[in-house]
Amino acid sequence: MRFFLGFLAFGALIAASILVLPSFVSSEWMRAELSRKLSTATGSSIALNGPVRLSVFPHMAVVAETVVLSSEEAGVTAEIGEVAGSVTLSSLWSDRLHIKEIRLVQPILTLHEKTGKASPTEGGKLGRAKPGDPLAALVTFLERSAIDSVSVVSGTLRQQSTAGAMQVITDIDLSLAVPDIDDQLSLSASARIEERRYQMTLAISSVRPLLERQPADLSLSFEADPAPAPGLSAFEATGQVALNTNGSYQIRGGKLLVGDEALGLDALFIPGNRPRFLADIDADRLDLSAFLEATTSASSQPNAKSEKSGASTGLQLLTGFDADIGVNIRDLVLGDISASDVALAATLKDGLVTARIEHLGIDAGSVAANISVDIREVEPTFKGRISSSGLDVAKVANLTGQSVPLTGSVTIDTRFAFRGLSGDALRKTINMTGSLGLHSATFIAPGVADPSLSEVKIKKLALRIDDFAKPGRLSGSLAWRGKPAEVDLQLPLGSLLAGDLNSGGIPLKLDMRMPGAALSLDGKAAIPNGYAGKLIFSTADVRGFLGWLGQSGPDNIDLFAFNGDVSASPASVQFESATLSVNGVEGTGSGSVQFTTPLKISSALKFAQLDFARLAGARSSAPQSKAQGADPAPDAPLDFSSLRLIDASINVNADKLGYGNVFAGPVATTLTVADGVASLSLPESPFYGGHITASLRADGSGSEPSIALNASITGASAAPLLTDMAGFRHLEGALQAKLDITGAGSTTGTLKQSLQGSADVRFSDGAIRGIDIADAYNNLVGLMSSGFKQNESQATGFTELSASFAVDSGVARTEDIKLIGPLVRMNGTGEANLADGQMKFRLDPRVVASLDGQGAEISTDGIGVPVLIEGPFARPRIYPDLSGLLKNPTAALATLKKFGLPTDTLRIDDLLSDKATGGSLRDIVGGAIDKTLKGERNQPSIEEIIDGNVAQSGEAPPDVQADEDPATLEPAARQPVPGAEQPDQDAGTFGNLFNRLLQ
């Protein structure tokens, strides 16, 4: 406005100068006299420092160069390169001056801000406008004047604050034409502020109605390049303007055209030292789609200069006036978004802007917001609050010209503050508190072709912000590929928004829980290049977890857990102070993994118990029950294919190292994996009270896994070793052994069935549990009388037991069992089926003839009573086989005589002869055998007869002869043979038989 006042003053000066020119004679005197008269006329100091030229044809004209104007009261100084003016000669003698032209070339106008503030009543109330109102002064002037052209060429306007800050408007071009008070007033102007060029045109149908306080038609257009806001490069306003009695100007029934959109406009302008502008804008329907397209187009173009201080300079120009603006739109449309009953209000007073979105209904949701801006500073400060509910997140993104791969409902309740208008300033200064929520949403990951992998269902997520100086917390539940997950993430939002992603990374804390798996991070992330900090992960189903991620995994790993400090990059990861667990095998230590193909692993780990069976996916069988044993472990898959994925060198320090239930330790060795083959060399290590050296090779490079074991054992305690290995608890002693075994198979069962190789074993100073062979043979009559009962408390001691085995198809066979003991010598043969867990051995003992061990060795071959060991490893039957006795009773009688039994006193001779009154032993036993061979199932088997289990089979013992007195038999039948074991039930056929013998 000051510039406009100055501009009018210059017009008056030029007109006055033309009137006084004829009275000048000398050019020097003319400049001085003209300066004096112009200064007196305007109340300002005006100096004509350059040449002054005068012409009278065709019009009276004057041109003055280097004109300087200053007014301390108004706070205005001006330097004008050239001032030119002309009037028609005829108008000099009329009462109406006709000005043909007033032209200012390269004027530089400086406005100095006055100290102190304007009174609140100055222009603030709807009272009378201040005298000197520019439009009122122009109307008064035009009553006595006609102006064909007033122009400013390449002007500059400077506004300097009391603090010394300078705002500059350059390249000002202006043209004003008021041919007559009843003709149209037209004004066009353009200027540049920083990098933006503005252009404005104004037309008023006639000046006279304004003078008579009547409305006049008004049209106004405005353009900006580049646009101050997307889609706002130009607008037009039309209506009727009237000059009120209080000096204010009012527009009624106006139309505001922005693009193709029309809005109603009612406005009031109150001039004064602090002008005030009031406006009401309304529309039935407003479509902002064009602005959205403009936003998208503009965002794709680089425009680094748009973030300079020009925007803040433009805002500071608003500090020169006050304003109140209200906007009401019934229906607002933006693409596929519709909003209803939109109400906005904005107030500008003393450099403070407050704006409110009183209501904005978008589809099923709504938005309310308020914001305040202090534009008095070079960098304005913004503060406000936004609250919403039920908004579609994709449609909200469209409001900002963005497209996001996310659908769902968003709720917002936040307060915010930031300083500056550039994006960089916003990122550095913004602070926020409040919450944002998202529910019933779907996120589609860009760039992922598989829909099952790209879609994430979000049940509910909430972002809580206490302060941008503190981490924001995102928590909630989501589902991916059919599995739910609970997420709790903490991130420094302020650092992320400011782009403060230094090499040290930003703090990151994440907890994620899902069925069968959990992940926890607490460290620093250098997005997107790495992470350093605590990592905790566990899953009960590795293959299922990797399948959930769309990856394949090994079949032999179920459980996996990791807890340690990691430093990860896209190429590798290092870990330390870590605890790893694979299938329940837990180790601690440090190492590194390089993400190559195959993975390269280097580590040093310590184990309390390193079980290769569990690592390979086999389930270690539970310790065998000492009461009744257990069946062999069920067949389980065996997979070494994961060895193909890695090349590894792992230093192993284990308190126990082994396979299944068999362990050695402590052990220090190195496990190497290359080309799908794992190799482990075991140095001499403690092993069940002795020592072991071994080498183990596990090969996963082929179509089925294979193993190779070479071991040497010295001084190991056999009983616990065999119990842990096979559940066999019937052999004691110190073990020396050499093993060379290989096998292959995709399950533990097929692997056992394929075992090949050899084993040489020797036991010393031990015993066979379950039978005392010397005692049994030295009490053979009692054994035959009462049957044999296996007794774990009994044992056959030996000084040496040895055998060599050939292993083929999972069966270990031997032909050279040799036992040497103080009372017993034995040879034997047999086999052990490693796959089925079954054994079958036959031992042929030789015992001494004296219970005191003083007699010579007596072979039992004559009576055919070997010792059999057969059945499952965990609970074999160990017993003397009496079936040979039945086949050759004559040889048995000879052998019994060798033991010193009185066969004649016991009537054994008579019993064994064909003429025996009670029937011979051949007849009694032979009949039982014949019936059994004929398949009569109601007869006892030989095994039942030997074991004394006839009563269990339901067969009654043979009847005694009729001429024998039962009363005399019963007491004898109750007398046990000295040293014989007492049966738990009826003695059976042989019990009755020997009762008869003992009569």
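Described in the following lines is the structure provided in the data block. (Residues numbered from 1 in each chain as written. Predicted model: local features only at pLDDT ≥ 70, side-chain atom pairs only at ≥ 80, totals over all residues. Heavy atoms only, no water.)

Concerning the overall build of the protein chain
A count of helices and strands for the protein chain gives 24 helices and 48 strands. Within the protein chain, buried positions represent 43% of all 999 residues. Sequence separation of 24 or more characterises 49% of the internal contacts of the protein chain that already satisfy a separation of 6 or more. Approximately 49300 Å² of the protein chain is accessible, and the part contributed by carbon and sulfur atoms is 54%. (Helix = DSSP H or I, 4+ residues; strand = E, 2+ residues; numbered from the N terminus. Buried < 20%, exposed > 50% of the residue type's maximum accessible area, 1.4 Å probe, protein only. Contact = heavy atoms within 4.5 Å. Areas by Shrake-Rupley, 256 points an atom, 1.4 Å probe, with all protein chains shown as cover.)

Description of a negative patch on the surface
Together, Asp266, Asp280, Asp282 and Asp284 line one region of the surface with negative charge. At three residues, strand E14 (residues 276–287) tops the list of elements feeding residues into the negative patch. Tracing the sequence through the fold places Asp266 in strand E13 (residues 261–270). Residue Asp266 is classed as partly exposed on the basis of its relative accessible area of 35%. (Patch = residues over 30% accessible without salt bridge, like charges linked within 9 Å, V, L, I, M, F, W, Y side chains within 5 Å. Salt bridge = Lys/Arg side-chain N within 4 Å of Asp/Glu carboxyl O. Lys, Arg positive; Asp, Glu negative; His and termini not counted. Charge placed at Lys NZ, Arg CZ, Asp CG, Glu CD.)

Describing the pairing of strand E12 (residues 249–258)
As paired elements, strand E11 (residues 234–243) and E12 share eight bridges and run antiparallel to each other. Counted as the bridge partner of Ala242 is Gln250 from E12. Where E11 hands over to E12, the hairpin turn is made up of five residues, of which Gly247 adopts a positive phi near 90 degrees. Here E12 runs beside E13; their pairing, made up of eight bridges, is antiparallel. Across the sheet, residue Leu256 finds its bridge partner in E13, namely Leu263. (Pairing = 2+ DSSP bridges.)

A few points about the sheet that holds strand E35 (residues 662–664)
Pairing is mixed in the open sheet, where three strands are placed in the order E32-E34-E35. Unpaired on one side and paired on the other, strand E32 (610–611) and E35 mark the two borders of the sheet.

Thoughts on the pairing of strand E5 (residues 97–112)
A regular strand carries its side chains on alternate faces of the sheet. Across eleven bridges, strand E4 (residues 76–87) lies against E5 in antiparallel orientation. What sits directly across from Ser86, in E5, is Glu101. The pairing of E5 with strand E6 (residues 145–160) spans twelve bridges and is parallel. The residue bridging Thr110 from the neighbouring strand is Arg158, located in E6.

Some thoughts on the pattern of salt bridges
Applying the stated rule across the entire model yields 21 salt bridges. For the salt bridge of Arg192 with Asp171, the shortest nitrogen-to-oxygen distance reads 3.5 Å. Taken together, the residues span a long stretch of sequence, with Arg192 in strand E8 (residues 185–193) and Asp171 in strand E7 (residues 166–178) at a distance of 21 residues. Its relative accessible area of 36% is what places Asp171 among the partly exposed residues.

Focus: the side chain of Ser454
Its place among the elements puts Ser454 in helix H9 (residues 451–454). Judged by its relative accessible area of 6%, Ser454 falls in the buried class. Apart from the residues within four sequence positions on either side, Ser454 is in contact with Phe443, Ile444, Ala445, Val448 and Trp480.

A short note on unusual backbone geometry
Here the bond from Asp225 into Pro226 is cis, since omega is -5 degrees, no more than 30 degrees from zero. One can find Pro226 in the loop between strand E10 (216–225) and E11. Residue Pro598 follows Thr597 across a cis peptide bond; omega there is 0 degrees. Relative to the helices and strands, Pro598 is located in the loop between strand E30 (585–594) and strand E31 (599–607). The phi torsion at Asp350 lies on the positive side, around 50 degrees, for a residue other than glycine. Residue class for Asp350 comes out partly exposed when judged on its relative accessible area of 36%. Non-glycine residue Ser440 carries a positive phi angle of around 50 degrees. Here Ser440 falls in the exposed class, since its relative accessible area comes to 61%.

Focus on the packing of aromatic side chains
Counted by the stated rule, this structure contains ten aromatic pairs. Measuring from ring centre to ring centre gives 4.7 Å for Phe382 and Phe418, while their planes differ by 10 degrees; the resulting arrangement is stacked. Residue Phe382 is found in strand E19 (residues 381–392), and its partner Phe418 is found in strand E20 (residues 406–419); the two are separated by 36 residues along the sequence. In this structure Phe382 comes out as buried when scored by relative accessible area, which is 10%. Arranged with centres 5.0 Å apart and planes meeting at 55 degrees, the rings of Phe537 and Phe545 form a pair that is tilted. The exposure class assigned to Phe537 is buried, which follows from its relative accessible area of 14%. (Phe/Tyr/Trp six-rings, centres within 6.5 Å; stacked < 30°, edge-to-face > 60°.)

A few points about the nonpolar core
Among the nonpolar cores identified, the biggest contains 175 residues, and Leu657, Phe687 and Phe763 are the most heavily contacted of them. Counting residues per element, this core draws most heavily on E5, which supplies six residues. Every residue in contact with Phe763, bar those within four places of it in the chain, is listed here: Ala718, Leu722, Leu731, Ala734, Leu735, Phe798, Thr799, Glu800 and Leu801. (Core = buried A, V, L, I, M, F, W, Y, C linked by side-chain atoms within 4.5 Å.)

Examining a nonpolar patch on the surface
Nonpolar side chains collect at one region of the surface, where Leu54, Val56 and Phe57 lie side by side and expose about 340 Å² of accessible area between them. Tracing the sequence through the fold places Leu54 in strand E2 (residues 52–55). Looking at Leu54, the relative accessible area reads 40%, which means it is partly exposed.

Some thoughts on the environment of Arg846
Position of Arg846 among the secondary structure elements: in strand E45 (residues 838–848). Spatially, the C-alpha atoms of Arg846 and Arg825 are 5.1 Å apart, while their sequence positions differ by 21 residues.

Structural notes on helix H13 (residues 718–726)
For an α-helix, the turn length of 3.6 residues means that residues three or four places apart are oriented alike. Ala718, Leu721, Leu722 and Thr723 are the residues of H13 that are buried. Of the surrounding secondary structure, the elements contacted by the buried residues of H13 are E35, strand E37 (677–687), strand E39 (706–717), strand E40 (731–744) and strand E41 (756–770). Within two residues after H13, Gly727 carries a phi angle of roughly 75 degrees, on the positive side.

Here we look at the environment of Leu257
By the secondary structure assignment, Leu257 is in strand E12. Owing to a relative accessible area of 32%, Leu257 belongs among the partly exposed residues under this scheme. C-alpha of Leu257 to C-alpha of Glu236: the two residues are 21 residues apart in sequence and 4.9 Å apart in space. Once residues lying within four places of it in the same chain are set aside, the contact partners of Leu257 are Phe235, Glu236 and Ala262.

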